[in-house]
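In case you want the letters, here they are:
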Amino acid sequence: MGLLSLGTPMPWDEAKKYADHVRAHGIIQFLNLWEATKNSQKDCLLWGDEIEYMVVSLDDKNEKARLSLRVWEILQDLAKEEEEAQKDPAKKLLVDSTWHPEYGRYMLEGTPGEPYMGLPRDLLAVERNMKLRRELAIRFMKPNEVPVTLTSYPRLGCAGDFLEPHHDPHGPAARSLFVPDDIINAHARFPTLTANIRRRRGSKVAINMPIFHDKNTPRPFIDPTIPTYNDYPEDKNAIEEGGALPDHIYMDAMAFGMGCCCLQITFQACNVEEARKIYDQMAPLGPIMLALTAAAPIYRGYLSDVDCRWNVIAQSVDDRTEEERGLKPLKDSKYRIAKSRYDSIDSYISNDPSNKPEYNDIPLVYDKDIYKKLSDNGIDDLLARHISHLFIRDPLVIFHELLNVDDNESTDHFENLQSTNWQTMRFKPPPSKHSPIGWRVEFRSMEIQLTDFENAAFAIFIVLVTRAVLSFNTNFYIPISKVDENMQVAHHRNAVLDKKFHFRKQIFPQSRPGTPSAGTPSASPRLANATLPARTAAPGTTGAAHLSAGLDRSDEYELMTINEIINGDPAKGFPGLLGLVNNYLNTLNIDIETRCEISKYLELIKKRANGTLMTAASWMRQFVQNHPDYKQDSVVSEKINYDLVKMVEKINKGEVQVPELLGSFSV
Amino acid sequence: MTALHPSQTHNGHGLGQNSIYNSSLLAHKQLRTRAGPVAFAHESFKQLTLYTGNTMRTGTTGQLASNLNKSNQELLLALEETLHNSLEAAEIKDGAITVADKSTLGPLEGDRSTYEITAKLFFISSNGSTVLSVEQLNHALQNLQTALGSSSLVIDNFILALPNQTFDENGQDESELQEFKDDLEQLYWPVWKALSDLRQSGQIKRLGVSEFSKQQLEILKAVALAKGAVAPEVNQVNLQDCCVLPKGLINYAKAEGIELLTHGDATNILPGATLASLLQAHLPAAAASPLVPKFVLKYSALITNRGLISRKGYIVEAGSV
């Protein structure tokens, strides 16, 4: 995650004085990079996945599973291995991965050693590489340690011990009632990030996820396990100040969010325009894929009523001040800001003619001076708005040693803001002027799956969707406010089967009047400004002005189930994303082995979408609810947690079949 | 829908699973009738050549109700759309009519070396066995050059689809194989020889067949070698069967360096009756006087390194018997 520089980080009181400095130089760095790379052309699709693991230490004697804080050592061993592989071509193939630290001290992030290419046959390398990564990681673990790809750790922050070795909670950086600072990656960046979010916000973060009310869950549910302390002013937040909501699972630290694991996919586009197009086209798929990959139903030892992690992370790093959150009139802060810096994107950025102004229907908060600077330097409106929107945030971690850098060569200050805007999509310039890497787009909403087979399936599906999008010149645009609505809907328990999502009906360009349309014939758009919600323009926003000339686009989309969106609806002539992918694949010359392998992955997607197979979230709920130790009170005990981790390990080893989750696919 | 009444399908090949009628894809679509007949609606023609638009960009390919079954939906939709959109601008010369979606024909964008061009030629035999015509092959190749705006076209993959060739996973008995060999030597040879020459001269880079069994591949190889021609390098098989493909075929293909590729094309991609019913709404006279489909050429251009399909289309030629 983000940039990992070494140095002495500034505490918030000092860092905030340099916020404008970092922003000003960040923009200069972006402009320098833009000038050097705006015409960059790459003739290859290159792409990669990122898999995050939690390292769990199993205590079979006491039937306990704890998060291992030993990952730093494992990472050092992996780094050594990588280094040796660089020198030895024979070893290179065996390692073929790159390892990174993550927020949690129990977390590992592994990426393929070399990016994958765009040919169908290359897709078969994905699962192999993921397996290789898992095996490699295991090699440097103790016999009782295991890397698991759980999105949220069920007993993170529970009373008792959930860490190996145990540490008492309540350190000075997070000041959490539940987790110690020792859970945070020891690299100076992470404790500083944690503390500076708290300091900037003016309070601890407060995460509240609705509890799943089972038969014996008290109503209202007031969590009896929230401890009380009297060390820091923030200690009053939870109970006295009402931070912990009734009927919710309350969490109070960045670790609850940034300690989650996810599956991210990055693609290299052939040029900046293609990157912007992929960014826009994939954005409406963010919530759809979130619901489809749902894998996070348990938090701090309780079954929740949500299936996904996204909002937990959003709340866990919400550094907005009370003024920014709209709780107080603006005085010291510059803007009201609607969302956390970890959230869904706020604007489409492509200059493609299919991107109508009405789709950007969220009043965008952006830094006017930065917009002007970008604009004066030739950046077009949509991109200037995007960047100056990212730059409304403050840099959270500034290193003394890196305050003054050569803006011609460095992108540190730009990246400082870019990489701490954790949104559903990320539009990424080349890493530097001299890099062989081109413009990229990252797809960030998916939850990590329990097995490499599933993770490969979702990674491959997403990359194939991008190929289909470009080959068919699809149009997935819906108003971005509707994407936000979808994002919230995606969190609901079993949203994958029970909920409907806004999705565009006519996804092919209607180039000529005579072209037959798939789906319901769309009436000509009518002028209907009156139906647009009234908006109050906050300082620094463009709202009404941008919308007033717009057309009502509400007949372009409708509510669909995930099954319809993925598997299509023949009666409406809507092919679904999987239909698009199959129609794309059917045009390629694919050898039979490759096509059969790819079909397995696509079959998993199909069956998850139509309910034949459960999401990991549903499966884990079922596991908990069927466990003899479960008392229908929403509590996920240490024993259940241990058995769940053991079960996940067995599934990965192929020792147990779980047809309700994986059908007859072999992992 | 009336123009495509099932009772009009009396052709021996039937429409079967490839039928346009029971296609859920077409069910929701109104087959549009023309606003008014074209000036030449009641002329009859001795030849019809039809170039569809780029089905990747017209929505035709994208919206297919995809499955792994063999189908000709894509072709039929593309033909229907092309007739609807481009008939008025048809060129008529010496009793031959050419209907082309000109908006999507022409040279490929950018550097040719980044593309992989694939063509698959379906010979259509309306009444049993006929000699495959080298003249038709040459038409098809010329038409493809027209479609891609290139007079010196190199085709990366060329697949020959024999009429009514269907993969038989149990293999064939001796008499069937003998019959196949006879057909090959008598009916198909001139075209294979011509393709072999193109392969040897480099105008085709990879030459293949579709729906061949292991024994049929062996026969083609034996005949080809005996006559100084090339053996196939590709064999296309429908995916429905692929995961249970006979080991014998897989091993043979591996040993011979034949790549087994997937395809989803209907066995009889354009039955005469289907063409007639498609023409009915647009060229009633041509539909009534039997214009028999001669060949269908399916082509695509892939930007290999980016995994993008830039162009896909069909060329159909029909003539009076």
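Residues numbered from 1 in each chain as written. Chains lettered and ligands numbered in written order. Predicted model: local features only at pLDDT ≥ 70, side-chain atom pairs only at ≥ 80, totals over all residues. Heavy atoms only, no water.

Remarks on the overall build of chain A
To keep things clear, this is the line we draw: Only DSSP runs of H or I with at least four residues qualify as helices, and only runs of E with at least two residues qualify as strands; both kinds are numbered from the N terminus onward. Based on C-alpha atoms, the radius of gyration is set beside the globule rule, defined as 2.2 Å times the residue count to the power 0.38. Whether two residues are in contact is decided by their heavy atoms, any of which lying within 4.5 Å being enough. Throughout, the Shrake-Rupley method with a 1.4 Å probe supplies accessible areas, and for residues the shown protein chains are the sole cover considered.
Scanning chain A from terminus to terminus reveals 23 helices and 19 strands. Computed over the C-alpha atoms, the radius of gyration of chain A is 24 Å, within 12% of the 26 Å expected from 2.2 N^0.38 for a compact globule of 667 residues. When contacts within chain A are restricted to residue pairs at least 6 apart in sequence, long-range pairs at least 24 apart make up 78% of them. For chain A, the accessible area works out to roughly 23,600 Å², and carbon and sulfur atoms hold 52% of it.

Structural notes on the pairing of strand 1 (residues 47–59) of chain A
All names here are of chain A. Stated formally: Burial status follows relative accessibility: with a 1.4 Å probe on protein chains alone, a residue under 20% of its type maximum counts as buried, one over 50% as exposed, and anything between as partly exposed. Here the rule is simple: two strands pair whenever DSSP picks up at least two bridges between them.
In terms of burial, strand 1 is a largely internal element, 13 of the 13 residues being buried. Along strand 1, one buried face is formed by Trp 47, Asp 49, Ile 51, Tyr 53, Val 55, Ser 57 and Asp 59 and the opposite face, lined by Gly 48, Glu 50, Glu 52, Met 54, Val 56 and Leu 58, is buried too. In the sheet, strand 1 pairs with strand 9 (residues 263–268) via five bridges, with the strands oriented antiparallel. Note that in strand 9 the partner of Glu 50 across the bridge is Gln 264.

Focus on the interface of chain A and chain B
Heads up, the rule is: Joining two parts hides part of their accessible area as seen by a 1.4 Å probe, and the buried area is that hidden amount summed over both. Any carboxyl oxygen of Asp or Glu within 4 Å of a side-chain nitrogen of Lys or Arg constitutes a salt bridge here. Definition of a polar contact: a pair of N or O atoms within 3.5 Å, with one able to donate and the other able to accept a hydrogen when the atoms are protein atoms, and with sequence-neighbouring residues admitted only if both atoms are side-chain atoms. Residue classes follow a fixed rule: Ala, Val, Leu, Ile, Met, Phe, Trp, Tyr, Cys and Pro count as nonpolar, while Asp, Glu, Lys and Arg count as charged, and any other residue, Gly among them, counts as polar.
Tallying the contact residues gives 42 residues for chain A and 41 residues for chain B. When the two sides are added together, the surface that chain A and chain B hide from each other amounts to roughly 3,500 Å², 54% of it contributed by carbon and sulfur. In this structure, the connection of chain A to chain B is made through two salt bridges. Among the ionic pairs, Glu 259 of chain B bridges to Arg 121 of chain A, the shortest N-O distance being 3.6 Å. Connecting chain A to chain B are 15 residue pairs in polar contact (both at pLDDT 80 or more). It is helix 19 (residues 576–585) of chain A that provides the largest number of residues to the side of chain A that touches chain B, a total of five residues. Broken down by class, the residue content of the side of chain A that touches chain B amounts to 19 nonpolar, 14 polar and nine charged.

Considering the packing of helix 5 (residues 120–139) of chain A against helix 14 (residues 452–472) of chain A
Residue and element names in this part refer to chain A. Where we set the bar: For every element, the axis is a line fit to its C-alpha atoms; helices are fit only across the contacting stretch, and the angle between N-to-C directions ranges from 0 to 180 degrees. Helix crossings are classified by the rotation of the near helix relative to the far one: an anticlockwise turn of less than a right angle makes the crossing left-handed, while a clockwise turn makes it right-handed.
The N-to-C vectors of helix 5 and helix 14 enclose an angle of 145 degrees; their axes lie 9 Å apart at closest approach. Crossing of helix 5 against helix 14: the hand is right-handed. Of helix 14, the residues touching helix 5 (which contributes Leu 123, Val 126, Glu 127, Met 130, Lys 131 and Arg 134) are Asp 452, Phe 453, Asn 455, Ala 456, Ala 459, Ile 460, Val 463 and Leu 464.

Description of the packing of helix 21 (residues 616–625) of chain A against helix 22 (residues 638–653) of chain A
Residue and element names in this part refer to chain A. Quick note on the threshold: Roughly parallel refers to an angle under 35 degrees, roughly antiparallel to one over 145, roughly perpendicular to one between 65 and 115, and oblique to any angle outside these ranges.
Remark: helix 21 packs on helix 22, axes separated minimally by 10 Å, with the N-to-C direction vectors making an angle of 130 degrees. As the angle between them shows, helix 21 and helix 22 are arranged oblique. For the element pair helix 21 and helix 22, the recorded crossing hand is right-handed. Of the residues in helix 22, those touching helix 21 at Trp 619, Met 620, Phe 623 and Val 624 are Ile 640, Asp 643, Leu 644, Met 647, Val 648 and Ile 651. Looking at the contact of helix 21 with helix 22, its residues break down into nine nonpolar, no polar and one charged.

Some words on the layout of surface pockets
Residues and elements named next belong to chain A. Convention followed: As defined here, a cavity is a set of points on a 1 Å grid over the protein atoms alone where a 1.4 Å probe fits but cannot get out. A pocket is an open set with protein on both sides within 12 Å along at least five of seven lines, and residues line them when an atom is within 4 Å of a point. Grid points are joined across faces, edges and corners, and a volume is the space filled by probe spheres set on the points.
Estimated volume of the largest pocket: approximately 1,200 Å³. Taken together, 44 residues make up the lining of the largest pocket; nearest its centre are Glu 50, Thr 111, Thr 266, Lys 428 and Arg 440. When contributions to the lining of the largest pocket are tallied by element, the ones reaching two or more residues are strand 1, strand 3 (97–101), strand 4 (107–112), helix 7 (254–258), strand 9, helix 13 (412–418), strand 15 (425–428) and strand 16 (440–443). Counting residues per element, the lining of the largest pocket draws most heavily on strand 1, which supplies five residues. Taken together, the residues of the lining of the largest pocket sort by class into 19 nonpolar, 13 polar and twelve charged.

Details of empty space enclosed by the protein
Counted according to the given criterion, the structure contains 18 cavities of 30 Å³ or more. What the largest cavity holds in volume is close to 150 Å³. Around the largest cavity sit 15 residues that line it, and Thr 587 and Asn 589 of chain A together with Thr 118, Gln 236 and Lys 298 of chain B are the ones nearest its centre. For the lining of the largest cavity, the secondary-structure elements that each account for two or more residues are strand 4 (115–123), strand 8 (259–263) and strand 9 (291–303) of chain B. The element best represented in the lining of the largest cavity is strand 9 of chain B, accounting for three residues. A breakdown of the residues in the lining of the largest cavity according to their chemical character gives three nonpolar, eight polar and four charged.

Concerning the nonpolar core
In globular proteins that are soluble, nonpolar side chains generally tend to be buried together. What counts, and what does not: Here, the term nonpolar core denotes a set of buried Ala, Val, Leu, Ile, Met, Phe, Trp, Tyr and Cys residues that are joined through side-chain atoms within 4.5 Å.
By size, the foremost hydrophobic cluster in this structure holds 268 residues, and its most contacted members are Leu 108, Phe 461 and Trp 619 of chain A. If we ignore the near neighbours within four places in the chain, the residues touching Trp 619 of chain A are Leu 450, Met 614, Leu 644, Met 647, Val 648, Ile 651, Val 658, Glu 660 and Leu 661 of chain A. Formed by 30 residues, the second largest nonpolar core is a distinct cluster that contains Leu 50, Tyr 314, Val 316 and Ala 318 of chain B.

Comments concerning the packing of aromatic side chains
All names here are of chain A. Counted only if it meets this: Centres within 6.5 Å make a pair out of two Phe, Tyr or Trp rings, where for Trp the six-membered ring is used; the pair is then stacked when the planes are under 30 degrees apart, edge-to-face when over 60, and tilted otherwise.
Taken as a whole and assessed by the stated rule, the structure comprises 25 aromatic pairs over all chains. Residues Tyr 103 and Phe 190 carry aromatic rings whose centres are separated by 5.9 Å and whose planes lie at 80 degrees to one another, so their mutual orientation is edge-to-face. Of this pair, Tyr 103 sits in the loop between strand 3 and strand 4 while Phe 190 sits in helix 6 (residues 189–201), and the two are 87 residues apart along the sequence. In this structure Tyr 103 comes out as buried when scored by relative accessible area, which is 1%. Residue Phe 190 is classed as buried on the basis of its relative accessible area, which comes to 0%. Aromatic ring contacts, followed pair by pair, group Phe 30, Trp 34, Tyr 279, Phe 391, Phe 414, Phe 427 and Trp 439 into a single cluster.

Structural notes on helix 5 (residues 214–226) of chain B
Residue and element names in this part refer to chain B. Just so we agree on the cut-off: Multiplying one less than the number of residues by 1.5 Å gives the expected span of a helix. Throughout, the arc means that of the directions going from the helix axis to the C-beta atoms.
Spanning 13 residues, helix 5 covers 18 Å between terminal C-alpha atoms, matching the ideal 18 Å at 1.5 Å per step. Those residues of helix 5 lying buried are Gln 216, Leu 217, Ile 219, Leu 220, Val 223 and Ala 224. Viewed end-on, helix 5 has its buried residues packed into an arc of 160 degrees, placing them on one side of the element. Among the exposed residues of helix 5, those pointing more than 90 degrees away from its buried face are Leu 225 and Ala 226. Where helix 5 is buried, its residues contact helix 4 (174–201), strand 6 (207–210), strand 7 (234–238) and helix 7 (247–256).

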